[in-house]
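Architecture and fold: a report
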Amino acid sequence: MCDLPEQAASDTAAAELAQLRQQVAELRQAVRARDDFIAIAAHELRNAMTPIMGVAELALKTAHDSQGICPPRVTILLERMQIHTQNFIQRSTRLLDFGRIEAGNLRLEPSPIDLSALVLSVAQSYEATAARRRSRLELDVPAGVIAAVDRLAVEQVVENLLSNALKFGIGQPVTLRLRSDDGWAWLDVQDRGVGMSPDQQARIFGRFEQVVAQHRGSGFGVGLWVADRLVGAMGGRITVSSRLGEGSTFTVTLPLAPPEPDRMTHEPA
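Residues numbered from 1 in each chain as written. Predicted model: local features only at pLDDT ≥ 70, side-chain atom pairs only at ≥ 80, totals over all residues. Heavy atoms only, no water.

1. Looking at the sheet that holds strand β8 (residues 247–255)
Here five strands make up an open sheet; going across it, the order is β3-β5-β6-β8-β7 and the pairing mixed. For this open sheet the edge positions go to β3 (137–140) and β7 (237–243), each flanked by a neighbour on one side alone. Taking each pair of neighbouring strands and ignoring which way they run, the sheet shows an average axis angle of 15°. Sheet topology places β7 next to β8; seven bridges connect them, and they run antiparallel. (Pairing = 2+ DSSP bridges. Helix = DSSP H or I, 4+ residues; strand = E, 2+ residues; numbered from the N terminus. Axes fitted to C-alpha atoms, helices over the stretch in contact; angles between N-to-C directions.)

This is the structure we're talking about:
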């Protein structure tokens, strides 16, 4: 028969355990509510901006086709509006994918696509951004690289890497290189900018990481984390090679054939 002090200690421990379990349940519920809010907010923000992006592109095309009737200043303003709208949509998309990954609801749909054409298309969409940052895009993309991947996921990964390279490339050329062999494709995005220390490289794919201090606050810090998860779900990986003051090279490795179906559904980390 237990004495009273031991019984009291046991009751106290049981009460504390029950309280801890309740707190854990409440925290999990709060996290789910946060993820739901992020997903809904990102979805609504992106949907509202998509038609605005379409109008901006149409207005810019009209200005370019006006044969000098449209003042150059107006064309420049339309180009800036297109860039800012594009950036807003990209940030909303990153938040949406962040919520999906955290909730384990990210579903990818691989299909055979012309990877060469997709990469070139994304690069073309960044020509205005490159010009604004006084950087030159160098493309080494052979034709005919076909891969069974998720088109939207690959598009977002390339956009993210190009955006980062132009942001941190301090006006130097940015090289985008695609190659394939023995069932794999490799995509390199190289800048010649500020570079990263070994410690920064170790943290670059973490959530909410912005390891280059002078650009802190310019984004959510989830872009590379999302890109890493998207590539991993397609059976590939992202690596980075960098030295301070000498730039960075991000390499995406993707299988030309899709991975097993269960790899295309991402579980929360």
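2. Things to note about the side chain of Ser66
You can see Ser66 is positioned in the loop between α1 (4–64) and α2 (72–103). The exposure class assigned to Ser66 is buried, which follows from its relative accessible area of 16%. For Ser66, the side chain forms a polar contact with the main-chain oxygen of Ala63, separated by 2.7 Å. A polar side-chain atom of Ser66 sits 3.1 Å from the main-chain amide nitrogen of Cys70. (Buried < 20%, exposed > 50% of the residue type's maximum accessible area, 1.4 Å probe, protein only. Polar contact = N/O pair within 3.5 Å; in protein donor to acceptor, adjacent residues only side chain to side chain.)

3. Topic: unusual backbone geometry
Notably, Arg134 is not glycine yet its phi reads approximately 55°, a positive angle. With respect to the helices and strands, the residue Arg134 is situated in the loop between α4 (127–132) and β3. Assessed through its relative accessible area of 71%, Arg134 is described here as exposed. Here Ile170, not a glycine, exhibits a phi torsion of approximately 45°, which is positive. Relative to the assigned elements, Ile170 resides in the loop between α5 (151–168) and β5 (174–181).

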